[in-house]
Amino acid sequence: MNLQAHVDLSTVPLGAAIDPKVYGHFLESAFFGNIEGGVYDEGSPRSYPDGPLQGCRVDVLEACAELGVPVLRWPGGNFTSAYWWQDGVGPKEARPRRLELAWGSEESNRFGTPEFLAWCEAVKAEPYLAHSCRSVDDAVRWVEYTNYAGRTDLADQRRRDGRDAPWAVRLWGLGNEVYGDWQMGHRDVGRYVADAREHARFMRAVDPNLQFVAVGHPREDWTEAVVAGLGESVEYLSLHLYGASEHLVRPTAAEFEAVVGQAVHFERTIVEYSRQIEAIADRCGIELPPSIAMDEWNIRHLEPESWPDPQPGPDGGTAERQIRTESQAPPRRVNRHSPRTLADALFYAGVFHAVHRAARLPVPVAMTNTVNLVNANGLINVRPDGIVRTASYWVWDLYHNHFGTRLTANTVIAPARYMSARLSDEDRGPGGDLLTAMTGVSYLDVSSSLDDAGRLTVALINRSPAERVDIRLSLDGRHELPAVGELRELGTATGDLFAVNTIGDDDRVVLSQPRDVRMDDGVLTVPPHSVTLLTLGIR
């Protein structure tokens, strides 16, 4: 017998709207093929031969433009902390090749500010530039290069780089994870607040329209100082969250449930962080506190360090390796080439539902940027002979392109499992083991909204690895539904809980084409391990 649930949907929009930037993205230079070998592949027959996009892959750009990229963060990430933007402007042949310390590689600088901004313009993405917050003068000159309309040397350099009009970059990051000793420019919170305030002040002297993302952290002492010192100077506080999957070692139904259930921990972290910011702002008399920018997030695929180092495979995943499993160590190393799975897809959908619900909080999540857009566990995996849209690509397609923006309330009665739920990749015990906490995880997670045409869009995640769910639907407490709805599904084409798309087999986890579904009896049955989008005409 199928699981049973009831969902009552309100047709009245709530005051909160979904900001398109919550479906944003991230690229990091010198990071496992994000740029070189990904977005940028000079000499490839698949790349533009000349013009402002010279060296950029045509197929990658077209796939991103088709998806829609509302906002894109660059150049990092950890790469940001040591980056000098002037290395990446001017003639490519004259740009210096630098030792890059964040990831231990060399940076060619052939993809720099002019290339990034041209690429953003081509895919209609709002650029989000992250600065190290280690030099006020360097930051000011970067804004001058991108946004100043006068005849200074740097504004003229922008013109020599092919752009006459200012780029008018609005979003700027003030440092990256400076609370951590892995960052160049690591400092205590008092010094960071003073530095960030000075950077914001003088960057706005060049362009008063700038908006800033300050370095946030759920740690209360950090948040207290940043909100008190920067709450009236910045528009966002960052939040970085990473889940963990051990399916490379244990591809089981229990691991599937551990992966998809981590969205619950993300939601709790978001709500607690939002309330923390709100309370501090209230004590400090800040009427409009900064919103949350979850500008790094993903789920990491962990494997034993005793395994051979992962390398990119020609099919868009990890190259074949000889793995001895009889005496493997605990899975702790991140496989940067492991493609996104069906389980990951349901996790991402759950996080989006959490972000939707957070839109109603006094301090909402107003932007997210998943790590990464291209390669390195991204939405699109790129190889010399082609690209593949991974499972996560279709999750973003579902929510960004087919889900409404005006939230509505819903009431869900559904079965749940009380389980020892995994927290995140950042929450570990003394021995390095992933921490868990007993919590209830609903098998059915629902988010609903109205689209621009006034239709009700309902996203339904079935987290059960094996059971269908019969959902009795009602509108505003009444069991009167339109006779026909429109249905899209993700995850129904395979029974493999950790299925992936490859260059040779690219449709195992995709968003289906829309089809009509009869709603006469008011019951919709959703398949296991799936996301279903139901669209109803209610006017």
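Structure's up top.
Just so it is clear, the model here is predicted, and its values are computed rather than measured.

A. Representation of the environment of V469. Within the secondary structure layout, V469 lies in strand β20 (residues 469–475). The spacing of V469 and A5 is 464 residues in sequence and 6.8 Å in space, taken between C-alpha atoms. Not counting residues within four places of it along the chain, the set of residues in contact with V469 comprises L3, A5, N462, L524, T525 and V526.

B. Representation of the environment of R191 within the structure. Here R191 shows up in helix α5 (residues 189–206). Residues R191 and R268, spaced 77 residues apart in sequence, show a C-alpha to C-alpha distance of 30 Å.

C. Looking closely at the nonpolar core. Core analysis: the largest hydrophobic core is formed by 117 residues, its most contacted members being W119, Y192 and Y399. Here the element with the most residues in this core is helix α8 (residues 342–358); it accounts for 11 residues. Contact partners of W119, with chain neighbours within four places excluded, come to V39, L53, C56, V60, L61, C64, L72 and L373. Residues L444, L456, L460 and L481 belong to the second largest nonpolar core, which totals 23 residues.

D. Broad picture of helix α6 (residues 220–230). When we look at burial in α6, the residues that qualify are W222, T223, V226, V227, G229 and L230. The inward-facing, buried residues of α6 abut α5, β8 (211–214), β9 (236–245) and α7 (253–283).

E. Inspection of the packing of aromatic side chains at higher detail. For the coordinates displayed, the defined rule picks out 27 aromatic pairs. Residues W297 and F347 carry aromatic rings whose centres are separated by 6.4 Å and whose planes lie at 55 degrees to one another, so their mutual orientation is tilted. Here W297 is found in strand β10 (residues 291–304), whereas its partner F347 is found in helix α8, with 50 residues between them in sequence. As far as burial versus exposure is concerned, W297 and F347 are alike and both buried. Taken together, the ring pairs connect Y40, W74, F79, Y83, W85, F111, F116, W142, Y145 and W172 into an aromatic cluster.

F. Highlighting the pairing of strand β3 (residues 71–74). Going residue by residue along β3, you find V71 and R73 tucked away on one face and L72 and W74 tucked away on the opposite face as well. Judged from the two bridges that link them, strand β2 (residues 24–26) and β3 form a sheet pairing that is parallel. By the bridge assignment, H25 is partnered in β3 with L72. Running through helix α1 (residues 58–67), the crossover from β2 to the neighbouring parallel element β3 is right-handed.

About the criteria used
Residues numbered from 1 in each chain as written. Predicted model: local features only at pLDDT ≥ 70, side-chain atom pairs only at ≥ 80, totals over all residues. Heavy atoms only, no water. Helix = DSSP H or I, 4+ residues; strand = E, 2+ residues; numbered from the N terminus. Contact = heavy atoms within 4.5 Å. Core = buried A, V, L, I, M, F, W, Y, C linked by side-chain atoms within 4.5 Å. Buried < 20%, exposed > 50% of the residue type's maximum accessible area, 1.4 Å probe, protein only. Phe/Tyr/Trp six-rings, centres within 6.5 Å; stacked < 30°, edge-to-face > 60°. Pairing = 2+ DSSP bridges. Right-handed = clockwise from strand over helix to strand, strands pointing away.

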